[in-house]
Amino acid sequence: MKYRTLGRDLTVSAVSLGCMGMTHAFGAPSDTKEMTRLIHEAVELGYTMFDTAECYTGALPDGSTAYNEELVGAALKPYRDKVVIATKCGVQHAPDGLITDSRPETIRKSVEGSLKRLGTDTIDLYYQHRIDPDVEPETVAETMAELIKEGKIRYWGISEANEEYLRRAHTVCPVTAVQNRYSMMARWHEPLFSTLLELNIGYVAFSPLANGLLSAKYDQNSAFASDDYRSRMPQFSAEGIAQNQILIDLLEKTAEEKKATPAQISLAWMLCKHDNLAAIPGTRKSDRLIENAGAADIELTPEELARIDCALNHMKMSAVFGGAAIVK
């Protein structure tokens, strides 16, 4: 595993673990013991940052709620001084999208809840999960600065940040990382990279495999349960699978050249382009965990990266899931 520095001095594994799917969005929550073993295996493989959120929950068969933070916190307790726990506040799920609330009193209530569920005294990296149009960035940054001073969080970040909001927040309290969607199919945040370099802010790429499509493990016969978000994502529709075959062909060809897998090429493509970037692919499977970790050791030359980018720039592909809508 290789490591990256986000912001001034937060060191994390280049490939870290997005834990959302263990309880949320991808069907029924997985068995807690199995996921605990998977998280332990990740630590042994060199993963050091584990990403969760207060809103990553799922319904268990007995009607109770599976809290992702509780799973992650309990699993990492034996390794607490060796890992970075990242969680988020400011979002609630609604039937038709996301409700945002980043008022200072809400953030303070959320951080106390997360600390309790995680079983820790300090959150290493605390994100505003989505921008709240009703709360100024300076107000959010001031609240985060207070939490840092109080020792309840060490660093803070913003998920789905744009440049204007980021600059205004960063002026009040330095931002360590943005966590934005990024993959070969979702490149709309690339103009932000120059600003991040200027301000010395890290980038944490979520959905780096386009929700798994770029692993090249899915085809038109793949089926998903109704409570699995992929059942409604355009890239996994029969039409989307067909439209994206040219992209899969590019990945498979490059993977063969580099003696790697398509998923590893997808991750290496971004890791080799940006020194201040870490990726957080999610998985519930040991073999995927090992495969993703291997991406950190793959080197793509500037010429190879340019060739891939040129192909992507001229490639027709399907729409890709861009996240739930903000309904507030």
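For the structure, check the block above.
Source: prediction; values computed, not measured. (Residues numbered from 1 in each chain as written. Predicted model: local features only at pLDDT ≥ 70, side-chain atom pairs only at ≥ 80, totals over all residues. Heavy atoms only, no water.)

How should the environment of T254 be read in this particular structure?
Examined against the element boundaries, T254 turns out to sit in helix α8 (residues 245-258). Sequence separation between T254 and E304 is 50 residues; the distance between their C-alpha atoms is 9.1 Å. Not counting residues up to four positions away in its chain, the partners in contact with T254 are I265, R307 and I308. (Helix = DSSP H or I, 4+ residues; strand = E, 2+ residues; numbered from the N terminus. Contact = heavy atoms within 4.5 Å.)

Please clarify how the packing of aromatic side chains should be interpreted in this entry.
Centre distance and the angle of the planes are the two values used to describe a pair of aromatic rings. One pass over the structure, following the stated rule, counts seven aromatic pairs. Centre to centre, the rings of Y182 and F193 are 5.5 Å apart; their planes meet at 55 degrees, and the pair counts as tilted. Within this pair, whereas Y182 is found in the loop between β12 (177-181) and α6 (193-199), its partner F193 is found in helix α6, the two being separated by eleven residues in sequence. A centroid spacing of 5.3 Å and a plane angle of 80 degrees characterise the contact between Y218 and F236, whose relative ring orientation is edge-to-face. Here Y218 is found in the loop between β13 (202-206) and α7 (238-243), whereas its partner F236 is found in the loop between β13 and α7, with 18 residues between them in sequence. (Phe/Tyr/Trp six-rings, centres within 6.5 Å; stacked < 30°, edge-to-face > 60°.)

Teacher, can you tell me more about the environment of W156 here?
Looking at the secondary structure, you find W156 in strand β11 (residues 153-159). Residue classification places W156 among the buried positions, given a relative accessible area of 0%. In the structure, W156 is positioned 145 residues away from T301 in sequence and 33 Å away in space, judged by C-alpha atoms. Of note is the side chain of W156, whose polar atom sits 3.1 Å from the backbone oxygen of C173. At a separation of 3.3 Å, a polar atom in the side chain of W156 contacts the main-chain carbonyl oxygen of P174. (Buried < 20%, exposed > 50% of the residue type's maximum accessible area, 1.4 Å probe, protein only. Polar contact = N/O pair within 3.5 Å; in protein donor to acceptor, adjacent residues only side chain to side chain.)

What should I look at first to understand unusual backbone geometry in this one?
Leaving glycine aside, a negative phi is the common case for residues, and trans is the common case for peptide bonds. For S207, which is not glycine, the phi torsion reads 50 degrees and is therefore positive. You can see S207 is positioned in the loop between β13 and α7. Residues other than glycine seldom take positive phi values, yet A216 does so here, at roughly 65 degrees. Tracing the sequence through the fold places A216 in the loop between β13 and α7. Since its relative accessible area comes to 22%, A216 is described here as partly exposed.

So what exactly am I meant to see when it comes to the nonpolar core here?
Nonpolar side chains in soluble globular proteins generally cluster together in the buried interior. Ranked by internal contacts, the top residues of the largest apolar core, which has 85 residues, are L17, I39, F50, Y126, M144, W156 and W269. Of all the elements, helix α9 (residues 262-271) adds the most residues to this core, at seven residues. Residues within four places of L17 in sequence aside, it is in contact with M22, I39, A42, Y47, M49, F50, D51, I280, P281, G282, T283 and L289. Judged by nonpolar contacts, the second largest core, of 14 residues, contains V84, Y127, F206 and I280. (Core = buried A, V, L, I, M, F, W, Y, C linked by side-chain atoms within 4.5 Å.)

I would appreciate a short explanation of the sheet that holds β13 in the present structure.
Two strands in a sheet stick together by hydrogen bonds in their backbones, pointing the same way (parallel) or opposite ways (antiparallel). With parallel pairing, eight strands are arranged side by side in an open sheet as β3-β4-β7-β10-β11-β12-β13-β14. Edge positions in the sheet fall to β3 (17-18) and β14 (277-279), since each of these pairs with one other strand and no more. With three bridges joining them, β11 and β12 adopt parallel strand pairing. When the bridges of β12 are listed, I158 appears paired with V178. (Pairing = 2+ DSSP bridges.)

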